[in-house]
Amino acid sequence: LAYLPRKRTKKHRGKIRKFPRDDQSKEPHLTAFLGYKAGMTHIVREPERPGSKVHKKEIVEAVTIIETPPMVVVGVVGYVDTPTGMRTLTTVWAQNISQEFMRRLYKNWYRAKKKAFTKYAKSFTDGKGKEDLKRQIDKITKYASVVRVIAHTQVSKLNLRLKKAHIMEIQINGGDIAAKVAFATDLLEKPISVDKVFEQSEMIDCIAATKGKGFEGVTTRWGTRRLPRKTHKGLRKVACIGAWHPANVRFSVPRAGQNGYHHRTELNKKVYRIGKGADPKNATTEFDLTQKTITPMGGFPHYGVVTQDFVMIKGCCPGVRKRPITLRKALFSSTKRAALEKISLKFIDTSSKFGHGRFQTEEEKAKHMGTVKKTAK
């Protein structure tokens, strides 16, 4: 039956329902990040799997590119444990908050009075406000059992039609509470790049809303068997939807309805590369020395050019291009050999994804085509 009910999710951005287990022996670190799905391409690499048929042989694998501009921390939250779950103790906000964060707080920005956080920001100018801020931080240090930061994406750095930032809480794991609070307050108003959270060859989880398909029948939605060819009134149906009594249809019977746009978490995706947006060679490898960026020729279809940092993960992930993808450190540590393998890429494909795509770079295409009418002038 998978996950019921199969209806449209209320959360467009993937929600982290559980963070990884805290290990206080490690240094304080962030456990999640937000990115935007750009598209897919493929890579060539040689796996290190002694005993396997593909050991040290070239294989081609599909990869997804998720653009991850730096996130900005604007708040620190402390939680206390209660018999009924965690409760918010207090929240400390930054003095300067960007407009893209503020836009998310309003339904209609241009008609709004834009008063949010104005009094709070003024409190930083006098001694009383600073004392109150220190008191709140000390309160978190003394009583809180979990510390999280409130961070937002910088959508202005992307070539999307978005103006409102996506906001999320990111839990801080590692170290005692005092170390966590010091780590969190030091991050206030600072951008965090994705390479500070994840690293190459690490396993991560992807959380997002899947691609919406609309209203679909039982055969597509549940994969039920088609009825025989001569069936009256169609064959992509369920023949019997239940007994006479009880005189209702059980929840477990496949029915037609909404398919797609469900909230889903996919576990253990391997990070193949974390690239820097400013690097003109972020798609170059040790074996392929061609100077090229990760954006394929003509851009990613329906997305465009990747100009910011990016994460390359193995295989696919839920959601359509441009959709926010929540990346979380792996909830369950995998001990499979594939999970522990160190990744070394030989080739990253940057040919056009809109057509047959024969050329990796504009220079290669110009060299092959020679002088054409467009470049003759």
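Please read these numbers as outputs of a predicted model, since none were measured by experiment.

Here is what the cut-offs are and how they apply
- Residues numbered from 1 in each chain as written.
- Predicted model: local features only at pLDDT ≥ 70, side-chain atom pairs only at ≥ 80, totals over all residues.
- Heavy atoms only, no water.
- Helix = DSSP H or I, 4+ residues; strand = E, 2+ residues; numbered from the N terminus.
- Buried < 20%, exposed > 50% of the residue type's maximum accessible area, 1.4 Å probe, protein only.
- Contact = heavy atoms within 4.5 Å.
- Areas by Shrake-Rupley, 256 points an atom, 1.4 Å probe, with all protein chains shown as cover.
- Lys, Arg positive; Asp, Glu negative; His and termini not counted.
- Charge placed at Lys NZ, Arg CZ, Asp CG, Glu CD.
- Phe/Tyr/Trp six-rings, centres within 6.5 Å; stacked < 30°, edge-to-face > 60°.
- 1 Å grid on protein atoms, 1.4 Å probe; cavity = no way out; pocket = protein on both sides within 12 Å on 5 of 7 lines; lining within 4 Å.
- Points joined across faces, edges and corners; volume = space filled by probe spheres on them.
- Salt bridge = Lys/Arg side-chain N within 4 Å of Asp/Glu carboxyl O.
- Polar contact = N/O pair within 3.5 Å; in protein donor to acceptor, adjacent residues only side chain to side chain.
- Core = buried A, V, L, I, M, F, W, Y, C linked by side-chain atoms within 4.5 Å.
- Patch = residues over 30% accessible without salt bridge, like charges linked within 9 Å, V, L, I, M, F, W, Y side chains within 5 Å.
- Arc of directions from axis to C-beta.

## Some words on the overall build of the chain
Counting its secondary structure elements, the chain contains eight helices and 15 strands. For the chain, the C-alpha atoms occupy an extent of roughly 80 × 75 × 55 Å along the three principal directions. A buried classification covers 44% of the 377 residues belonging to the chain. Pairs at least 24 apart in sequence give 76% of the contacts found in the chain among residues at least 6 apart. A total of about 22,300 Å² of accessible surface is found on the chain, and carbon and sulfur atoms cover 53% of it. In the chain, 77 positive and 33 negative side-chain charges are present, and the distance between their average locations comes to 13 Å.

## Side note on the environment of Gln-200
Looking at the secondary structure, you find Gln-200 in the loop between strand 8 (191–192) and strand 9 (203–209). For Gln-200, a relative accessible area of 38% corresponds to the partly exposed category. Taking C-alpha positions, Gln-200 is 7.5 Å from Ile-343, a pair spaced 143 residues apart along the chain. Excluding anything up to four places from it in sequence, Gln-200 contacts Val-271, Tyr-272, Arg-273, Ile-274 and Ile-343.

## Let's talk about the packing of aromatic side chains
Each aromatic ring pair is characterised by the separation of its centres together with the angle its planes make. Tallied over the full model, the rule gives six aromatic pairs. Residues Phe-117 and Tyr-120 carry aromatic rings whose centres are separated by 6.3 Å and whose planes lie at 90 degrees to one another, so their mutual orientation is edge-to-face. A relative accessible area of 26% places Tyr-120 in the partly exposed class. Ring plane angle 70 degrees and centroid distance 5.6 Å describe the contact between Tyr-120 and Phe-124, whose orientation is recorded as edge-to-face. Given a relative accessible area of 15%, Phe-124 falls into the buried group. Chaining the aromatic ring pairs together yields one cluster made of Trp-93, Phe-101, Phe-117, Tyr-120 and Phe-124.

## Remarks on empty space enclosed by the protein
Any space left empty among the atoms is revealed by the rolling of a water-sized probe across them. According to the stated counting rule, one finds one cavity of 30 Å³ or more in the structure shown. Approximately 40 Å³ is the volume attributed to the largest cavity.

## Thoughts on the side chain of Lys-270
Counting through the fold element by element, Lys-270 comes out in strand 12 (residues 263–275). Buried and unpaired, Lys-270 has Glu-341 as its nearest opposite-charge partner, separated by 6.4 Å. Within polar-contact distance, the side chain of Lys-270 engages the backbone oxygen of Ser-201 at 3.0 Å. When near neighbours in sequence (up to four residues on either side) are disregarded, Lys-270 contacts Ser-201, Glu-202, Met-203, Met-312, Ile-313, Lys-314, Ala-338, Ala-339, Leu-340, Glu-341 and Ile-343.

## Describing the nonpolar core
Ranked by size, the top nonpolar core spans 44 residues in total, and within it Leu-30, Val-147, Ile-170 and Leu-327 carry the most contacts. Ignoring anything within four residues of it in the chain, the contact list for Val-147 reads Val-76, Val-77, Ile-140, Gln-171, Ile-172, Ile-177, Lys-180, Val-181 and Ala-184. Listed in part, the 19 residues of the second largest apolar core include Val-63, Val-155, Tyr-272 and Leu-345.

## Here we look at the side chain of Arg-148
Structurally, Arg-148 is set in strand 6 (residues 146–152). Residue classification places Arg-148 among the buried residues on the basis of a relative accessible area of 13%. Within the structure, Arg-148 has its side chain in polar contact with the side chain of Gln-171 (distance 3.1 Å). Once residues within four sequence positions are removed from consideration, Arg-148 is found in contact with Phe-19, Gly-75, Val-76, Val-77, Tyr-79, Met-86, Glu-169, Ile-170, Gln-171 and Ile-172.

## Overview of a nonpolar patch on the surface
On the surface, a cluster of nonpolar side chains totalling about 340 Å² of accessible area is made up of Leu-1, Leu-4 and Phe-251. Tracing the backbone through its elements, the reader meets Leu-1 in the segment before strand 1 (29–30).

## A closer look at helix 4 (residues 177–187)
Among all positions in helix 4, only Ile-177, Lys-180, Val-181, Ala-184 and Leu-187 are buried. When helix 4 is viewed along its axis, its buried side chains cluster within an angular range of 130 degrees and face the same direction. Looking at the buried residues of helix 4, the elements they touch are strand 1, strand 4 (71–82), helix 3 (127–143), strand 6 and strand 7 (167–173). Just downstream of helix 4, Glu-189 is the residue with a positive phi angle, here 70 degrees.

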